[in-house]
Amino acid sequence: MPSCQNQKQRSTKGRLQSLPEMALEIQVEIYQYLESCDLFHLSRTCKRFRAFFLNRNVMNEKLWMQARVNTDDLPERPPFMSEPAFIHLLYSPYCHRCGCNSTRTSSSIWDWFTRCCHKCLTEVSVSYKDAQKVIKKHFDGWASRYVSPIEGVLAVVHTEDSEYERARRRSRRDRVHQQHLNELLKRWSTSTTSSVPMPRQDLIKIARDFGRAEKIELTKRKACAKQCKIWHNTQKARRINEIIEYLIAKGWEKEVEDLTHANRKELSQLPLVNKAAKLTTAECYKACASKKAQQILNETRQKRLTRERTTVLLARFDALEEAICRHYIRLPRTASMEFRPRGIDFVFTDECKALLDAPTEQLVTAADFVDLIPCVTAAWEATQREQLAAAVRQALSFIDPDGADVLDLAIVFFPCPCGVSQMFRGHDAKDPLRYPAILGHNCLREKRYADDVPECDLYSSLAMYRGVEHESQDTISGLQPFDVKNVPVSKEAMRKACDVIRAMGYDPTRTTMRDLQGCDVLLTCVRCGEVPNPRFYGDTRLFTWDAAIRHLLATMTSHNPIHDKWAPMDDSMLKHMCHRLEESDHTRWMKRPTPRYNELIWSCSLCIAFDANGEKMEQHLTKTHLLTDINNCVEDGTIYDVRPSVSQATGHAPSAPMTTHNRWQGVWLHSARATCPFMLIMIHVVVPYWARI
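Everything numeric here is computed off the predicted structure, so don't read it as measured data.

Quick notes on the rules
Once a new chain begins, its residue numbering starts again from 1 and follows that chain's sequence as written. Local features in a predicted model are, by the rule used here, given only for residues with pLDDT of at least 70; side-chain atom pairs are given and counted only at 80 or more, and totals for whole chains, interfaces and linings are based on all residues. Excluding hydrogens and water, the side-chain figures rest on all heavy atoms present in the structure. By definition, pLDDT measures how confident the predictor is in each residue, and it falls between 0 and 100. A run of H or I in DSSP becomes a helix once it reaches four residues, and a run of E becomes a strand once it reaches two; helices and strands are each numbered from the N terminus. Working rule for contacts: check all heavy atoms of both residues, and any pair within 4.5 Å makes them a contact. For salt bridges, the criterion is a side-chain nitrogen of Lys or Arg within 4 Å of an Asp or Glu carboxyl oxygen. Three exposure classes are used, based on accessible area relative to the maximum for each residue type with a 1.4 Å probe and protein chains only: buried under 20%, partly exposed in between, and exposed over 50%. Strand pairing follows a simple DSSP-based rule, namely that at least 2 bridges must link the two strands. Working convention: axes come from line fits to C-alpha atoms, limited for helices to the stretch in contact. Angles between N-to-C directions cover 0 to 180 degrees. What a helix is expected to span follows from its residue count: subtract one and scale by 1.5 Å. Pairing of N or O atoms within 3.5 Å defines a polar contact, subject to two protein rules: one partner must be a possible hydrogen donor and the other a possible acceptor, and residues neighboring in sequence count only if both atoms are side-chain atoms. For classification, angles of less than 35 degrees are called roughly parallel, those exceeding 145 degrees roughly antiparallel, those between 65 and 115 degrees roughly perpendicular, and all remaining angles oblique. Only Asp, Glu, Lys and Arg are considered charged in this grouping, and only Ala, Val, Leu, Ile, Met, Phe, Trp, Tyr, Cys and Pro are considered nonpolar; every other residue, Gly among them, is considered polar.

A short note on the confidence of the model for the chain
Then, in step 1: Residues with a pLDDT of 70 or more make up 74% of the chain, whose mean pLDDT is 76.
Then, in step 2: No element of the chain has a lower mean pLDDT than helix H28 (residues 660-671), which averages 31, and none a higher one than helix H17 (residues 350-356), which averages 93.
Then, in step 3: This model gives residues 420-429 a pLDDT under 50, and the stretch forms 29 contacts once residues within four places in sequence are excluded.
Then, in step 4: Residue range residues 533-539 is modelled with pLDDT below 50. Its contacts to residues more than four positions away, or to other chains, number 13 contacts.

Structure follows, in structure tokens:
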């Protein structure tokens, strides 16, 4: 049985070897149905076929012409080339000089109608500069102007793709074919050869006619070369499409859709793609299985998977943030709801990461976090409260451990780490941050890098650096989970705040913020009284307890002496201030309920998440909620700005209804930031005085 199989295999080999022995009429009948590329390949099969097809006789010319008719979309043959030579130029992958496979090193040089490898290119051509010298020498200088520039009479090939390199090193990169240059010089010598000397006018006419004829001839050659280029690009695009169809059939459809122009260009440079013959299935497999093609496909697949994974992870991070908002926010929204954790605080916890980092195929929505969020947020709040309390107790060792909760004390606050010049949601950095407002402060979740972002996996990179902002060339900011270690605990500031509370007649180690809410005691800064200021009535500044602490922080961050001496306001000072204010035009202040409202970031209590400045907030109220009076919205708490100086003591914005006293006090605290001493006098002195009258 094996012998029969081998005999069968041997019988199929070389079955066309007897074709040259057939009758000539039969061969011609067979060859009439072949295409040009088939005749070309047959001519390279053996010596007998080569001698037969390349023999210049009438029958062979008819065969080649019939093969051209059978072939679709062949470019027009140049008149100076025979049909076999032109087909050889179109379909042969080998260098015409050394015979190497030039598809790996170079392509056809259509302007020269030849194919050269990189090594032979420099041997069969001369540089642009050398060609100029030769032409100037043989044309006797005066006649060279009729064949200038060289591009008008000779085909110049640019060996560099970069336009900059062409302009910079044209003499090195631009080449002229040596044979074409020699033929040009030979034709010039033939046209000017004469047994008798010719007048100069005749020579000028001959040079002019010669230059005109050479330019016309070069134009025709360039037109033929352009058709050849178009045909070659068409064949190359067809072969690339065949390879792409093969890849799609083999399961690379998504990668093919993501191929960029640069990837397709790299595929077009594969050796099999540069061949003009039709690709077989085996050649398609070989081209797709090549190292270069596999590298392109694998890189494209990796980019696609990374892009899909990125989209999924970002959607899951947003779902986690949405679930946190749903757990904390209820309509109407209040300021205390802003004092909540963020998604970055839970992305690295084991419970949340198990859902967030699930396989890409798994669908994860905000509903999947509903049962998980209450547990993790309660644990997170308890942990942060315990750690903050421990940090404060370490800084203030004199606090009574059996007294009130240390975080509720009026002297416990934390300065913003952003700096005095930073503003966040209308919050000035000199305003003290208190608990629980500090839990929602985003400055403590920012992290800046002087160098590049550290390398990490995709999950960590998206969680921490998806909102990266390049503030400068040397600074990059990202996100990090809330950490008590990043909270600045100013031991000196809290100790000096004890003097403020003592000046009001309270014990700083036991007095909480709620104890001071209804306190009408006003303080005067002794340091400010030592330096008279004509802007303030009686050269005296009055402060509430929280305004005094902010004033203290402002002087601690400046180069001026710290204002840490306080005294309560007496009755004589109160009467003096009321008299001076009654003499002034105090009504103009009451008619301006929302100063600087456009500079602050306001929150809409009727929406889950809408924050904007005053102008945009006014437009939002008009279009969405049909509310036209923004002043009334500020008064009744429809809109509010989350600032520690306003809402952190009570945990919520002023609520309606209000008395005349409280309404104006709430408006002024919201809009004027309660930092101007003149405003404070209006709120805490004049308004109560009018209410008693």
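So much for the structure itself; the text now carries on.
Comments concerning the pattern of salt bridges
Then, in step 1: In total, this model carries 21 salt bridges according to the counting rule given.
Then, in step 2: Of the charged contacts, one joins Glu214 and Arg187 as a salt bridge, the two residues approaching to 2.8 Å between their closest N and O atoms. Of this pair, Glu214 sits in helix H12 (residues 200-249) while Arg187 sits in helix H11 (residues 178-192), and the two are 27 residues apart along the sequence.
Then, in step 3: Residue Glu214 is classed as buried on the basis of its relative accessible area, which comes to 9%.
Then, in step 4: Arg309 is the salt-bridge partner of Asp357, the closest N and O atoms lying 2.6 Å from each other. Residue Asp357 is located in the loop between H17 and helix H18 (373-395), and its partner Arg309 is located in helix H16 (residues 291-328); the two are separated by 48 residues in the primary sequence.
Then, in step 5: Put simply, Glu255, Arg301, Arg304 and Glu308 are held in one network by salt bridges that share partners.

A few points about the sheet that holds strand S4 (residues 156-158)
Then, in step 1: Judged by pairing direction, the sheet is antiparallel, and its three strands sit side by side in the order S3-S5-S4 without closing on themselves. Both outer strands of the open sheet, strand S3 (125-127) and S4, are each paired with one neighbouring strand and no more. For this sheet, the mean angle separating the axes of adjacent strands, direction not counted, is 40°.
Then, in step 2: The pairing of S4 with strand S5 (residues 174-177) spans three bridges and is classified as antiparallel. Bridge pairing links Val156 to Val176 in S5.
Then, in step 3: Along the sheet, helix H8 (residues 128-138) contacts S3, S4 and S5; its crossing angle with S3, the most-contacted strand, is approximately 90°.
Then, in step 4: H11 rests against S3 and S5 of the sheet, and its axis sits at about 55° to S5.

Quick word on H18
In an α-helix, one full turn covers 3.6 residues, which means residues spaced three or four apart are oriented alike.
Then, in step 1: A rise of 1.5 Å per residue sets the reference length of H18, with its 23 residues, at 33 Å; its end C-alpha atoms lie 33 Å apart and thus fit the reference within 8%.
Then, in step 2: Ile373, Val376, Thr377, Trp380, Gln384, Leu388, Ala389, Ala391, Val392 and Ala395 are the residues of H18 that are buried.
Then, in step 3: Of the surrounding elements, those touching the buried residues of H18 are H16, H17 and helix H20 (491-503).

Observations regarding the side chain of Glu214
Then, in step 1: One polar contact links Glu214 to Arg187, side chain to side chain, over a distance of 2.8 Å.
Then, in step 2: Leave out the neighbours within four places in its chain, and Glu214 touches Gly152, Val153, Leu184 and Arg187.

A closer look at the sheet that holds strand S12 (residues 542-543)
Then, in step 1: Read from one edge of the open sheet, three strands run S12-S11-S13, paired in antiparallel fashion. In the strand order of this sheet, the two ends are held by S12 and strand S13 (566-568), each with one partner.
Then, in step 2: With two bridges joining them, strand S11 (residues 523-525) and S12 adopt antiparallel strand pairing. Note on S12: the bridge partner recorded for Thr524 is Leu542.

Things to note about the packing of helix H3 (residues 36-43) against helix H5 (residues 58-70)
Then, in step 1: At a minimum axis distance of 7 Å, the contact between H3 and H5 shows a crossing angle of 135°. Between H3 and H5, the interaxial angle falls into the category oblique. The residues of H5 that touch H3, namely those facing Ser36, Leu39 and Phe40, are Leu63, Trp64, Ala67 and Arg68.
Then, in step 2: Grouping the amino acids of the contact of H3 with H5 by side-chain chemistry returns five nonpolar, one polar and one charged.

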